[in-house]
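Spelled out from the first residue to the last, the chains are:
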Amino acid sequence: MLRVEVYSHSRHRHLGEQIANLYHSAVTAIDDARYSAAQRLAWSAAPRSGRYWQLRLKRAQAWVMLKGSEQSPLCVGFVLLETTFRERGYIACLYVAPDSQRQGVASSLLEATKKWALTQGYHHLTTDASALSKPVFERAGFRLRHKSYQEKSGQMFGSYFMKLILAPLVHERVKSP
């Protein structure tokens, strides 16, 4: 059974290696002509350390999608939301394990992110979506603002800067009985 949990360093830090491997496998498993082998290699040449991911998730607001028992859960997806002033509301990562894709994992993680953001008074969420994740964000209500480009290890990546306005949702919720 799948379940979304808010990432807690004290409770989930043991997932660092799983998340490192999930990220790397999600990138290397891309079988799409829009990303060359050189781009995939630049995106993730090897899994980063579990410690890297522990620290990155600890400094932001994150959710993990877990399956399996409470005692030995398997992470099949995660989303990371930046909460610092400059980056507040920016979804920096949304990744799903290759064998768990197209099963609603990304949508469930985005839904948890949106609900939390509303309770915190965020007015909007933003992201730079890849060509592959753009449809997922569109289904979640994000709208394209402009195409953007990023360089990683000498490779250029086209992405889509997208935004979801939450403020009207806050007002609607307040009006409802």
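Scroll up to find the structure.
Draft legend 1. A look at the overall build of the protein chain. A count of helical and extended segments in the protein chain gives seven helices and seven strands. Tracing the protein chain from N to C terminus, the helices and strands come up as β-α-α-α-α-β-β-β-α-β-α-β-β-α. Principal axes of the C-alpha set define a box for the protein chain whose edges measure 50 × 45 × 30 Å. A buried classification covers 46% of the 177 residues belonging to the protein chain. Summed over all atoms, the accessible surface of the protein chain reaches about 9800 Å², with 52% contributed by carbon and sulfur. Seen as two clouds, the 25 positive and the 13 negative side-chain charges of the protein chain have centres 4 Å apart.

Draft legend 2. A look at the pattern of salt bridges. Summed over all chains, the structure comprises seven salt bridges. Residue Glu 70 is joined to Arg 3 by a salt bridge in which the shortest nitrogen-to-oxygen separation is 3.3 Å. Of this pair, Glu 70 sits in the loop between strand S2 (61-67) and strand S3 (74-81) while Arg 3 sits in strand S1 (residues 2-6); the two residues are 67 residues apart in sequence, bridging distant segments of the chain. A residue is classified by how much of its surface remains accessible, and Arg 3, at 18% relative accessible area, is buried.

Draft legend 3. Here's a closer look at the layout of surface pockets. Of the pockets and cavities examined, the largest pocket occupies roughly 1200 Å³. In terms of lining residues, the largest pocket is bounded by 48 residues, among which Trp 43, Leu 94, Tyr 95, Ser 130 and Ser 133 are the most central. If you list the elements that add at least two residues to the lining of the largest pocket, you get helix H2 (16-28), helix H4 (50-58), strand S4 (90-96), helix H5 (105-119), strand S5 (124-129), helix H6 (134-139), strand S6 (143-152) and strand S7 (155-165). The dominant element in the lining of the largest pocket, judged by the number of residues it contributes, is S4, at seven residues. Taken together, the residues of the lining of the largest pocket break down into 27 nonpolar, 12 polar and nine charged.

Draft legend 4. View of the side chain of Glu 5. By the element assignment, Glu 5 lies in strand S1. Among the polar contacts made by the side chain of Glu 5, one reaches the side chain of Arg 3 at a distance of 3.0 Å. A distance of 3.0 Å separates the side chain of Glu 5 from the side chain of Arg 11, its partner in a polar contact.

Draft legend 5. The arrangement of the packing of aromatic side chains in detail. Under the definition given, this model contains 11 aromatic pairs. Aromatic pair Trp 63 and Trp 116: ring centres 5.8 Å apart, planes at 70°, arrangement edge-to-face. Highlighted residues: Trp 63 in strand S2 and Trp 116 in helix H5, separated in sequence by 53 residues. Each member of the pair, Trp 63 together with Trp 116, is buried. Within the aromatic cluster, the residues linked to one another by ring pairs are Tyr 23, Tyr 52, Trp 53, Phe 78 and Tyr 95. If you follow Arg 88 out to its NZ or CZ, it ends over the ring of Tyr 122, 3.8 Å from the centre. Note that Lys 134 overlies the ring of Tyr 160, its terminal NZ or CZ placed 5.1 Å from the centroid.

Cut-offs used in this document
- Residues numbered from 1 in each chain as written.
- Predicted model: local features only at pLDDT ≥ 70, side-chain atom pairs only at ≥ 80, totals over all residues.
- Heavy atoms only, no water.
- Helix = DSSP H or I, 4+ residues; strand = E, 2+ residues; numbered from the N terminus.
- Buried < 20%, exposed > 50% of the residue type's maximum accessible area, 1.4 Å probe, protein only.
- Areas by Shrake-Rupley, 256 points an atom, 1.4 Å probe, with all protein chains shown as cover.
- Lys, Arg positive; Asp, Glu negative; His and termini not counted.
- Charge placed at Lys NZ, Arg CZ, Asp CG, Glu CD.
- Salt bridge = Lys/Arg side-chain N within 4 Å of Asp/Glu carboxyl O.
- 1 Å grid on protein atoms, 1.4 Å probe; cavity = no way out; pocket = protein on both sides within 12 Å on 5 of 7 lines; lining within 4 Å.
- Points joined across faces, edges and corners; volume = space filled by probe spheres on them.
- Nonpolar A, V, L, I, M, F, W, Y, C, P; charged D, E, K, R; others polar.
- Polar contact = N/O pair within 3.5 Å; in protein donor to acceptor, adjacent residues only side chain to side chain.
- Phe/Tyr/Trp six-rings, centres within 6.5 Å; stacked < 30°, edge-to-face > 60°.
- Lys NZ or Arg CZ within 6 Å of the ring centre and 35° of its normal.

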